[in-house]
Amino acid sequence: AQTVTQSQPEMSVQEAETVTLSCTYDTSESNYYLFWYKQPPSRQMILVIRQEAYKQQNATENRFSVNFQKAAKSFSLKISDSQLGDTAMYFCAFNTGNQFYFGTGTSLTVIP
Amino acid sequence: GAGVSQSPSNKVTEKGKDVELRCDPISGHTALYWYRQSLGQGLEFLIYFQGNSAPDKSGLPSDRFSAERTGGSVSTLTIQRTQQEDSAVYLCASSQGQVKQETQYFGPGTRLLVL
């Protein structure tokens, strides 16, 4: 079965601090892509970052970076220098080519 | 268009009525997905269209749900005889094709409330 688990329903972080959101997944596929999406209160889902499973180097996108541990099937998101605009639901997902699988999300609140 | 659009933004209906939700994908995107997001939940896959291929309907929760995609572009999700448990946000997404690295681009969703 293909599953995505986000074990932290809610998190908070002080503005300018760093926070890490965890994600684990399960798949029998060897090649797939991993994604983090952000859903602010406006409901618009926005891609934050993506990672190719066959690449060992962790993806980075400005203040966002991932810690990808393929053997452990772990794909955490680190947000550095948190900003108020980072307040949103964050969804971890992966794509095997046939379908996207999403976690249940982590609600992140950035505290001024 | 610049992005995926969905209409209506919000829909309130009475139990037992039929509803139609519309999705306009990004021009040129061949893949289109429908998801359901219930309050406090993740995204539940409903149906997937890829070009002219037969859609993947494996996520549709019951035969009251159906979807069409006309001309490989606009898609309509229809829910017949709505039930209160159908209340949710329905999200549409499109991507350029059916490859693993393709990013999905989401619309703003339609919030459906069944009274």
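Above this note sits the structure.
Residues numbered from 1 in each chain as written. Chains lettered and ligands numbered in written order. Predicted model: local features only at pLDDT ≥ 70, side-chain atom pairs only at ≥ 80, totals over all residues. Heavy atoms only, no water.

Check the secondary structure of chain A and you find zero helices and 12 strands. The linear arrangement of helices and strands in chain A, starting from the amino end, is β-β-β-β-β-β-β-β-β-β-β-β. Oriented by its inertia axes, the alpha-carbon framework of chain A measures out at about 40 × 25 × 20 Å. Relative to its full complement of 112 residues, chain A shows a buried share of 49%. Relative to all contacts within chain A whose residues are 6 or more apart in sequence, the contacts with residues 24 or more apart total 54%. As displayed, chain A offers around 5,300 Å² of accessible surface, 45% of which is attributable to carbon and sulfur atoms. Taking the average location of the 8 positive side-chain charges in chain A and that of its 9 negative ones, the two points are 6 Å from each other. (Helix = DSSP H or I, 4+ residues; strand = E, 2+ residues; numbered from the N terminus. Buried < 20%, exposed > 50% of the residue type's maximum accessible area, 1.4 Å probe, protein only. Contact = heavy atoms within 4.5 Å. Areas by Shrake-Rupley, 256 points an atom, 1.4 Å probe, with all protein chains shown as cover. Lys, Arg positive; Asp, Glu negative; His and termini not counted. Charge placed at Lys NZ, Arg CZ, Asp CG, Glu CD.)

With that settled, the discussion passes to the packing of aromatic side chains. With the rule as written, the count across this model stands at 18 aromatic pairs over all chains. Ring centres of Tyr25(A) and Phe94(A) lie 5.7 Å apart, and the angle between their planes is 50 degrees; on these two criteria the pair is classed as tilted. Linking Tyr25(A) in strand β4 (residues 24–26) with Phe94(A) in strand β10 (residues 88–95), this pair joins segments that are 69 residues apart in sequence. Aromatic pair Tyr33(B) and Tyr48(B): ring centres 4.6 Å apart, planes at 25 degrees, arrangement stacked. Placement of the pair is Tyr33(B) in strand β4 (residues 31–37) and Tyr48(B) in strand β5 (residues 43–50), with a sequence separation of 15 residues. Through successive ring pairs, a cluster of aromatic residues spans Phe35(A), Tyr37(A), Phe100(A), Phe102(A), Tyr33(B), Tyr35(B), Phe45(B), Tyr48(B) and Phe106(B). (Phe/Tyr/Trp six-rings, centres within 6.5 Å; stacked < 30°, edge-to-face > 60°.)

Another point: the interface of chain A and chain B. Taken together, the contacts link 22 residues of chain A with 28 residues of chain B. Counting each side, the surface lost to burial between chain A and chain B is near 1,900 Å², with a carbon and sulfur contribution of 48%. When the buried area of chain A at its contact with chain B is split by residue, Arg43(A), Gln99(A) and Phe100(A) rank highest and sum to 31% of it. Inspection of the region where chain A meets chain B yields zero salt bridges. (Buried area = accessible area lost by both parts, 1.4 Å probe. Salt bridge = Lys/Arg side-chain N within 4 Å of Asp/Glu carboxyl O.)

What the largest pocket holds in volume is close to 460 Å³. Along its surface, the largest pocket is lined by 22 residues, and Gln37(B), Leu39(B), Gly40(B), Val89(B) and Arg111(B) are the ones closest to its centre. Among the elements of the structure, β2 (10–13), β8 (88–95) and β10 (110–114) of chain B are those that each provide at least two residues to the lining of the largest pocket. Along the lines of polarity and charge, the residues of the lining of the largest pocket split into 10 nonpolar, nine polar and three charged. Space inside the second largest pocket adds up to approximately 150 Å³. Those elements that place two or more of their residues in the lining of the second largest pocket are β1 (3–5) and β11 (100–102) of chain A together with β5 of chain B. (1 Å grid on protein atoms, 1.4 Å probe; cavity = no way out; pocket = protein on both sides within 12 Å on 5 of 7 lines; lining within 4 Å. Points joined across faces, edges and corners; volume = space filled by probe spheres on them. Nonpolar A, V, L, I, M, F, W, Y, C, P; charged D, E, K, R; others polar.)

In this section: the environment of Cys92(B). Residues and elements named next belong to chain B. Among the secondary structure elements, Cys 92 is positioned in strand β8. What makes Cys 92 buried here is its relative accessible area of 0%. With 17 residues separating them along the chain, Cys 92 and Gly 109 place their C-alpha atoms 6.6 Å apart. Excluding its chain neighbours within four sequence positions, the residues that come into contact with Cys 92 are Val 4, Gln 6, Cys 23, Leu 32, Tyr 33, Trp 34, Tyr 105, Phe 106 and Gly 107.

Let us now look at the state of the cysteines. Covalent bonding between the sulfur atoms of two cysteines defines a disulfide. Residues and elements named next belong to chain B. Counting across every chain of the model gives two disulfides over all chains. A disulfide bridge connects Cys 23 with Cys 92, and the sulfur atoms are separated by 1.8 Å. Measuring handedness by torsion sign, the sulfur bridge of Cys 23 and Cys 92 sits at about -65 degrees and is left-handed. Residue Cys 23 is found in strand β3 (residues 19–24), and its partner Cys 92 is found in strand β8; the two are separated by 69 residues along the sequence. Judged by its relative accessible area of 0%, Cys 23 falls in the buried class. (Disulfide = S-S within 2.5 Å.)

What follows is about the side chain of Thr110(B). All names here are of chain B. Relative to the assigned elements, Thr 110 resides in strand β10. A residue is classified by how much of its surface remains accessible, and Thr 110, at 0% relative accessible area, is buried. At 2.5 Å, the side chain of Thr 110 and the backbone oxygen of Pro 8 are in polar contact. (Polar contact = N/O pair within 3.5 Å; in protein donor to acceptor, adjacent residues only side chain to side chain.)

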